[in-house]
Protein chains: 2
Amino acid sequence: MAHNTSGRVSEARSRLLATATRIFYAEGLHAVGIDRIIAEAKVTRATLYRHFPSKDELVVAYLRGVSQADRDGVGRALAADLPAAETLRSIAESIAGGILSDRFRGCAFLNAVAEYPDPGHPVHQAVLAHREWFLRTVTDLFAQVGAAPPEPAGRHFVMLRDGAMTAGCLADPVQVCDTFLKGVDGILRFRLDAAPK
Amino acid sequence: MAHNTSGRVSEARSRLLATATRIFYAEGLHAVGIDRIIAEAKVTRATLYRHFPSKDELVVAYLRGVSQADRDGVGRALAADLPAAETLRSIAESIAGGILSDRFRGCAFLNAVAEYPDPGHPVHQAVLAHREWFLRTVTDLFAQVGAAPPEPAGRHFVMLRDGAMTAGCLADPVQVCDTFLKGVDGILRFRLDAAPK
DNA sequence: TAGCAGATAGAACGGTCAGTATCTCTAAGC
DNA sequence: GCTTAGAGATACTGACCGTTCTATCTGCTA
């Protein structure tokens, strides 16, 4: 991923991406200009445009980074090799952990899509791609819990997650997490009670 | 509301607000400039700034309008004087109706707050005010259903609503509504079963 | 009929936007 | 020691940003 000819990752590039990630997440996409990012990353304009063909591509790279972090987190939960219900609980708890963390400002993807409503736009599509992966992953896990069709449960889980992530910075995060985790528990108990495996 | 000295509502003003509402909702807040709005409202710059001191105030007026429409809708549901559980169901169905409607683009308030993360900003505060009203209204209704504390149920309802509204334009709206309405039904049945009134 | 508020029209403000061009410096690889 | 790529430093483009201004016209009300 973005090595130069000598095989090293460009320091300027990673500084750029880290800065963009921090500022974009904290302040929004359209609200932040290129000037802010290059100033705080201590990088010149020319360097930015050598690594990213446009601001939109920088935004996409930012979202890809967040997506990868999410996938890594879920990957760790899967690697623990617990029963699927426990894996789902652990994913939910890591979501709650994010909501409770400092400088939480909602879901990077939902925030991004609010600013890029055009479904054909690369930013919008990056969001859709991440969401499809997440829904698929969660649904696959529900398929291993109980016998009922897993799709409704997966959609229910994602809907609660979306609500929790958006409300997490608009209300008391502790209460939001409480509501979210109880909701997830409800889905799981309903499924385990209905058709224990 | 915004009458001139002769007691009439300014036509230019309402045209302005209607246009702003349409474009802001469809395309976002920062992405849309004053020029677009005055051009499509067929109003001059000076007229806009006579009615709204700044773009931010125009955004706030737009959100106030949406908030009022929501309050009117809930008011009609309350006026039907059904049992509280039925009122909640009818509110949920009207939310689902919105999600299924043409040009649905998510929750105007959540979209706005994604662009105005600063909690002190008037736009952000307009969103918080609306959300507080909604949570309070829903919680009051849950207080009339069953005997358990209504706050968790109200928060659960709002969390599902938030998830449904955000996902409604990122996935199949029919499935989103199905998941949402089944979720609301779950909250209500749990409450009615646990402590029938 | 006089007065005045509201709307129209159009120009202009300084600032910021994303993106491009040019030119120098540095450091690593051969 | 030479080549080459990455990075730095500016300066610049043309467009758009929100906002202010002056000047004129219209139509209602007192």
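Note that the structure is predicted; figures quoted are calculated from it, not measured. (Residues numbered from 1 in each chain as written. Chains lettered and ligands numbered in written order. Predicted model: local features only at pLDDT ≥ 70, side-chain atom pairs only at ≥ 80, totals over all residues. Heavy atoms only, no water.)

Residues and elements named next belong to chain A. Examined at the domain level, chain A breaks down into domain 1 (1-52) and domain 2 (55-194). When each unit is reduced to the centre of its C-alpha atoms, the spacing between domain 1 and domain 2 is 27 Å. Buried area between domain 1 and domain 2, both sides added, is near 1400 Å², and the carbon and sulfur share of it is 68%. Sorting the residues of domain 1 by area buried against domain 2 places Tyr25, Leu29 and His30 first, and these three jointly supply 48% of that buried surface. Scanning the region where domain 1 abuts domain 2 turns up zero salt bridges. (Domains from an automatic or database assignment. Buried area = accessible area lost by both parts, 1.4 Å probe. Salt bridge = Lys/Arg side-chain N within 4 Å of Asp/Glu carboxyl O.)

The partner chain B presents 29 residues to the 29 residues of chain A that form the contact. Between chain A and chain B, roughly 2500 Å² of surface is buried when both sides are summed, and carbon and sulfur atoms account for 69% of that area. There are zero salt bridges connecting chain A and chain B. Along the contact surface separating chain A from chain B lie six residue pairs in polar contact (both at pLDDT 80 or more). When residues of the side of chain A that touches chain B are traced back to their parent elements, those giving at least two are α1 (11-27), α6 (108-115), α7 (122-143), α8 (150-167) and α9 (173-194) of chain A. Sort the elements by how many residues they give to the side of chain A that touches chain B and α8(A) lands first, with nine residues. For the side of chain A that touches chain B, a count of residues per class yields 14 nonpolar, nine polar and six charged. (Contact = heavy atoms within 4.5 Å. Polar contact = N/O pair within 3.5 Å; in protein donor to acceptor, adjacent residues only side chain to side chain. Helix = DSSP H or I, 4+ residues; strand = E, 2+ residues; numbered from the N terminus. Nonpolar A, V, L, I, M, F, W, Y, C, P; charged D, E, K, R; others polar.)

Right, let's talk about the protein's contact with DNA strand D for a bit. With respect to spatial proximity, 22 residues lie near DNA strand D, and among them A:Ser10, A:His51, B:Ile34, B:Arg45 and B:Lys55 are the closest. Sugar plus phosphate, as a fraction of atoms of DNA strand D within 4 Å of the protein: 53%. Side-chain polar atom of A:Arg50 to a base nitrogen of DNA strand D: 2.9 Å apart, as the coordinates give it. Note that a phosphate oxygen of DNA strand D is positioned 3.2 Å from one of the side-chain N or O atoms of B:Asp35. Of all the elements in the fold, those that place two or more residues in the surface near DNA strand D are α1 and α3 (45-51) of chain A together with α2 (34-41) and α3 (45-51) of chain B. Ranked by residue count, the leading element in the surface near DNA strand D is α3(A), at five residues. For the surface near DNA strand D, a count of residues per class yields seven nonpolar, eight polar and seven charged. (Near = heavy atom within 4 Å.)

Moving on: the UniProt feature "domain: HTH tetR-type" (unreviewed entry) in chain A. In the numbering used here, UniProt assigns the "domain: HTH tetR-type" (unreviewed entry) feature to residues 10-70 of chain A. Measuring from the first to the last C-alpha atom of residues 10-70 of chain A gives 23 Å, for a span that is 77% helix and 0% strand. (UniProt positions renumbered as here; feature names shortened; annotations may be inferred.)

All names here are of chain B. Between helix α7 (residues 122-143) and helix α8 (residues 150-167), the least distance of the axes is 8 Å, while the angle of their chain directions is 130 degrees. With respect to their mutual orientation, α7 and α8 come out oblique. In the packing of α7 onto α8, the handedness of the crossing is right-handed. Note on element contacts: α8 touches α7 through Pro150, Glu151, Ala153, Gly154, Arg155, Phe157, Val158, Arg161 and Asp162, opposite Arg131, Phe134, Leu135, Val138, Thr139, Phe142 and Ala143. (Axes fitted to C-alpha atoms, helices over the stretch in contact; angles between N-to-C directions. Parallel < 35°, antiparallel > 145°, perpendicular 65-115°, else oblique. Left-handed = near helix turned anticlockwise from the far one by under 90°.)

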